[in-house]
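# Survey of secondary and tertiary structure
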Amino acid sequence: MHKRNLLNLGITFALLSSTPFLGIQAQAQSQAQPQAQSSGAKLKIGFMLPATGTYAALGTAIDNGFRLYVAEQGGKIAGREIEYVRVDDESDPSKAADNVNKLIKRDNVDVIIGSVHSGVAMAMAKAAKESGTLLIVPNAGAVAVTGPMCAPNIFRSSFSNWQPGYAMGEVAAKKGHKRIVTITWKYAAGEETMKGFKDGFEKGGGAVIKDLTLPFPNVEFQALLTEIASLKPDAVFTFFAGAGAVKFVKDYAASGLKKSIPLYGSGFLTDGVLDAEGADADGILTTLHYADNLNFKRDQSFRLAYAKAYKLQPDVYAVQGYDAAQMLGIGLGATKGDPKNISDFAQALRKAKIDSPRGAFTLSSSHNPVQDIYLRRVVDKENVNEGVASKALADPGLGCKM
Ligand code: PHB
């Protein structure tokens, strides 16, 4: 029997035999209660994630993953009960400074978790650096956050945009491709992913003959697809995510290009979106720090617990949310729950091996995951691991001084 079916059977059985997800729901309902500030006060966590727009589903998965880890710890982190405050950042950088300052100054949160969009995350990093509030970024790959903007109180549980791009650049060069066109949204995530790709691809002897872009979150791809057809590259490399990734994968197939020009992507192109992309995603190769069949015990138990709690398969965003909570637990474990003791918090995380479903990882000196990047192929609505493309890949962390 196919592995996915076996897993589904296991999940069905688990759902019939127990209902631990009720614990998570009950906990979610009690989260909004205001709490007095006292020594026994709850740890106030500010979630700044998208709840609307192109990246809405990504925000939900991060939130789910985070709360799953907390539920596994009996609803506490480092012995402290938790109160959540949530802001929908709409993946809108122009509102990000106001949104994060509300969390820091009005709500007086102890730690901020966010966000998905690189432009939003850079505004958050600026505010965190100025105020000294702990920030854990559970997705956005903005290179600056663990580069020039790095700080002792800023951490990332996800990746830098450069990492998956670089890994795929090497893969594409090894496949013998020489001329590649890139296409993405014109903002930090797209541009930095393309920079990583170019670094890996050119090192292997390839050339990027054209960088095509459109503004985020625009999905009018037609003119650009026509341009790709006339350029006739060996392959196309792309960064799109969330609802935009679904539209791109469908349009690429509908244009007929999929039959003649291989499509590669950073793994967000096909993560968390395969049900919506359907057969149009079949065969697409991507690189990412997660895959759907890693066969680690840690990953299998995570996937089962997640499916039990939410009746959904997890994706990379859920893993990053789960690991943000693990990292908070490690840091606060070393400070007896004190979020103001940044020095001990950071020291504990710099030494830590984080036991992630993706495989254990460490943090670089600029607080970005040093991690294996997998090559994955879409088969039957799964991102199937084809092996490690880049072992223990570290973002260079250029410009970070702390
Ligand atoms: C980003 O803006 O950094 C970003 C957004 C969505 C992703 C990955 C990166 O899936």
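See the structure printed just above.
This report concerns the structure included in the present document. (Residues numbered from 1 in each chain as written. Predicted model: local features only at pLDDT ≥ 70, side-chain atom pairs only at ≥ 80, totals over all residues. Heavy atoms only, no water.)

## Side note on the pattern of salt bridges
Applying the stated criterion to the full structure yields 18 salt bridges. For Asp 251, the salt bridge is made with Lys 247, and the minimal N-O distance between the two is 2.7 Å. With Asp 251 and Lys 247 both in helix α9 (residues 242–254) and four residues apart, this pair spans about one turn of that helix. Here Lys 247 falls in the partly exposed class, since its relative accessible area comes to 30%. When the shortest N-O distance is used, the salt bridge between Arg 376 and Asp 271 registers 2.9 Å. Remark: Asp 271 occurs in the loop between β10 (263–266) and α11 (274–277) and Arg 376 occurs in strand β13 (residues 369–379); sequence separation between them is 105 residues. Exposure remark for Asp 271: the relative accessible area of 2% places this residue in the buried category. When salt bridges that share partners are traced, they join Asp 63, Arg 67 and Arg 86 into one network. (Salt bridge = Lys/Arg side-chain N within 4 Å of Asp/Glu carboxyl O. Helix = DSSP H or I, 4+ residues; strand = E, 2+ residues; numbered from the N terminus. Buried < 20%, exposed > 50% of the residue type's maximum accessible area, 1.4 Å probe, protein only.)

## A few points about the state of the cysteines
Applying the stated criterion to the full structure yields one disulfide. Paired by a disulfide, Cys 150 and Cys 400 hold their sulfur atoms 2.1 Å apart. Between Cys 150 and Cys 400, the disulfide has an S-S torsion of 85 degrees and is therefore right-handed. Here Cys 400 lies in the segment after β14 (382–393) and Cys 150 lies in the loop between β5 (134–137) and β6 (154–156), a separation of 250 residues in the sequence. Relative accessible area serves as the criterion here: at 2%, Cys 150 is assigned to the buried category. Among the residues examined, Cys 400 registers a relative accessible area of 22% and is labelled partly exposed. (Disulfide = S-S within 2.5 Å.)

## Considering the site of the ligand
Around the ligand sit 16 residues in total, of which Val 116, Ser 118, Gly 141, Tyr 187 and Tyr 317 are the nearest. In this structure, Val 116 approaches the ligand through a main-chain N or O atom, which is 3.4 Å from an oxygen atom. Between the ligand and the protein, one listed contact pairs an oxygen atom with a side-chain N or O atom of Tyr 187 at 2.5 Å. In isolation the ligand has 280 Å² of accessible area, and contact with the protein removes 100% of it. Of the residues that constitute the shell around the ligand, the class distribution is eleven nonpolar, five polar and no charged. (Near = heavy atom within 4 Å. Polar contact = N/O pair within 3.5 Å; in protein donor to acceptor, adjacent residues only side chain to side chain. Areas by Shrake-Rupley, 256 points an atom, 1.4 Å probe, with all protein chains shown as cover. Nonpolar A, V, L, I, M, F, W, Y, C, P; charged D, E, K, R; others polar.)

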